[in-house]
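Chain and residue survey
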Amino acid sequence: MLGSLAAGFNMAMEQTARPTPPTRDAHTPGYVAAKELADGSNAPANADGNFILGPTHDRVPEMSVQDGVPQGDVFEFTISSADSRIYPGIARDAGTFGAVDPANPDKLVVTTSHPAPYTRKVTVYVPKQYVPGTAAPFIVGADGPDRGLFTALDNLIAERRVPGMIAISISNGGGDAQGSERGLEYDTMSGRYAEFVEKEVLPLVEAQAHVKLTKDPDGRATMGGSSGGSCALIMAWYHPELYHRVLTYSGTYVNQQWPYNPQTPHGAWEFHEHLIPNSAAKPLRIWMEVGDRDLLNPNVMRDGMHDWVLANEEMARVLAAKGYHYQFVFAQNAGHVDHAVKEQTLPEALEYVWQGYPIAGTKN
């Protein structure tokens, strides 16, 4: 679900080797004040705020298959661009990027993107505790499939730490960043991807996996890493009537939208620059993570809006100022969408995101 290490930042790169991202200090002036945790520990699942963890990141027991714990059923099916009215498919020519618009240094022009077909897998996890015919809560994840998520849910549901939810891992449509199908889906600041999921994916999930999905936005969550992380927030931000819970690793809250939209000229950077500060608080509960060696992209735009650490720090600052329920984790000794960090934190993150939702049953 989280994609390759490179996912979410192949944006207008110069034809030179990408420098290694610097290691950032969580106590840098201007960063949010955060509580430093004992090495190896996670933040409390019921606590809002900012936390620093690491440098050790050991897999927690909930990320491994446990004896005696019921394992959910997993279904998989394929969808094609030929069957989509929302995403008929595009691709950017291999080895090409964009060029800065000479009239606007914040805008990237991509001339090598063209229509192209795709197929993608949708992988659905249904817990053993699901009661057929009932409307179940669920989580939608980008860059699927995410087998680790399924294992975590087996254990957390059995321990009654999260509700008995269905997990829907949707593969992206291919490529990365501007001009690609993945970039169009994940980096566009609109409700389009959420509408694609609602209209074209969820009905197939219900039919193929023989489940019923809740319509209650409080019982619906989104999840992703890198551009999949910004996509998770985009889904809930533009459609809060559909989703109230968001979980992101190394969210790409940077200037990566394409095509250019004058209403959100800086792409997902707009979240912390304008949208969250200038809007009434939405009914969202958000868990976020960033690594101290996360991305700092020296792209051709030189726009100052491609620092993943700064973007996530600013997200934490504006969410706190608006009174959101959120938890922000700054992970030491961690890179972009760091696998070890996820193996340490995902169960706690899921438990935090689902705070307040009833465990004993589902809302219909």
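Here the structure is a predicted model, which means the values were calculated and not measured.

Some points on the pattern of salt bridges
In total, this model carries 15 salt bridges according to the counting rule given. Arg245 serves as the salt-bridge partner of Asp218, at 3.1 Å between the closest nitrogen and oxygen. Here the residue Asp218 occupies a position in the loop between strand 12 (212-213) and strand 13 (220-225), and Arg245 occupies one in strand 14 (residues 245-249), the gap between them amounting to 27 residues. A single salt-bridge network, built from bridges that share partners, covers Glu62, Glu159, Arg161 and Glu351.

Quick word on empty space enclosed by the protein
In the structure shown here, the tally under the stated rule is three cavities of 30 Å³ or more. By volume, the largest cavity is sized at about 70 Å³. Around the largest cavity, the lining is made up of 14 residues, and of these Asp106, Leu108, Asn255, Gln257 and Tyr260 lie nearest the centre. Residue composition of the lining of the largest cavity, grouped by class: five nonpolar, seven polar and two charged.

Details of unusual backbone geometry
Trans is the prevailing form of peptide bonds, just as negative phi is the prevailing case for residues other than glycine. Look at the link from Gly54 to Pro55: it is a cis peptide, with omega at 15°. Geometrically, the link from Gly144 to Pro145 is a cis peptide bond, its omega value of 0° lying close to zero. Assignment of secondary structure puts Pro145 in the loop between strand 10 (138-142) and helix 1 (147-158). Positive phi outside glycine occurs at His210, with the angle close to 60°. Along the chain, His210 turns up in the loop between helix 3 (192-209) and strand 12. Using a relative accessible area of 61% as the deciding quantity, one classes His210 as exposed. Phi is positive for Asn333, close to 55°, though the residue is something other than glycine. Examined against the element boundaries, Asn333 turns out to sit in the loop between strand 16 (325-331) and helix 7 (339-353). Judged by relative accessible area, which is 41%, Asn333 ranks as partly exposed.

Details of the sheet that holds strand 3 (residues 73-80)
Strand order in the open sheet formed by 10 strands is 1-2-16-15-14-13-10-11-8-3, and the pairing between neighbours is mixed. Both outer strands of the open sheet, strand 1 (35-36) and strand 3, are each paired with one neighbouring strand and no more. Seen against the sheet, helix 4 (residues 227-238) touches strand 10, strand 13, strand 14 and strand 15 (285-291) and runs at an angle of roughly 155° to strand 13. The strands touched by helix 6 (residues 308-321) within the sheet are strand 2 (49-53), strand 15 and strand 16, with strand 15 carrying the most contacts at an inclination of about 150°.

What to know about the nonpolar core
Formed by 67 residues in total, the largest nonpolar core has its most connected members in Ile168, Val197 and Phe271. By residue number, the principal contributor to this core is helix 3, which donates eight residues. Those residues in contact with Val197 that lie beyond four places of it in its chain are Val140, Ile170, Leu202, Pro203, Met235 and Tyr243. In terms of nonpolar packing, the next biggest core, distinct from the first, is built from 35 residues, Ile139, Leu149, Phe150 and Leu156 among them.

What about the packing of helix 4 against helix 5 (residues 270-278)?
Between helix 4 and helix 5, whose axes approach to 14 Å, the crossing angle comes to 15°. The orientation of helix 4 with respect to helix 5, classified from their angle, is roughly parallel. In the packing of helix 4 onto helix 5, the handedness of the crossing is left-handed. Of the residues in helix 5, those touching helix 4 at Leu233, Ile234, Trp237 and Tyr238 are Phe271, Leu275 and Ile276. Of the residues contributing to the contact of helix 4 with helix 5, the split by class is seven nonpolar, no polar and no charged.

What counts and how
- Residues numbered from 1 in each chain as written.
- Predicted model: local features only at pLDDT ≥ 70, side-chain atom pairs only at ≥ 80, totals over all residues.
- Heavy atoms only, no water.
- Salt bridge = Lys/Arg side-chain N within 4 Å of Asp/Glu carboxyl O.
- Helix = DSSP H or I, 4+ residues; strand = E, 2+ residues; numbered from the N terminus.
- 1 Å grid on protein atoms, 1.4 Å probe; cavity = no way out; pocket = protein on both sides within 12 Å on 5 of 7 lines; lining within 4 Å.
- Points joined across faces, edges and corners; volume = space filled by probe spheres on them.
- Nonpolar A, V, L, I, M, F, W, Y, C, P; charged D, E, K, R; others polar.
- Buried < 20%, exposed > 50% of the residue type's maximum accessible area, 1.4 Å probe, protein only.
- Pairing = 2+ DSSP bridges.
- Contact = heavy atoms within 4.5 Å.
- Axes fitted to C-alpha atoms, helices over the stretch in contact; angles between N-to-C directions.
- Core = buried A, V, L, I, M, F, W, Y, C linked by side-chain atoms within 4.5 Å.
- Parallel < 35°, antiparallel > 145°, perpendicular 65-115°, else oblique.
- Left-handed = near helix turned anticlockwise from the far one by under 90°.

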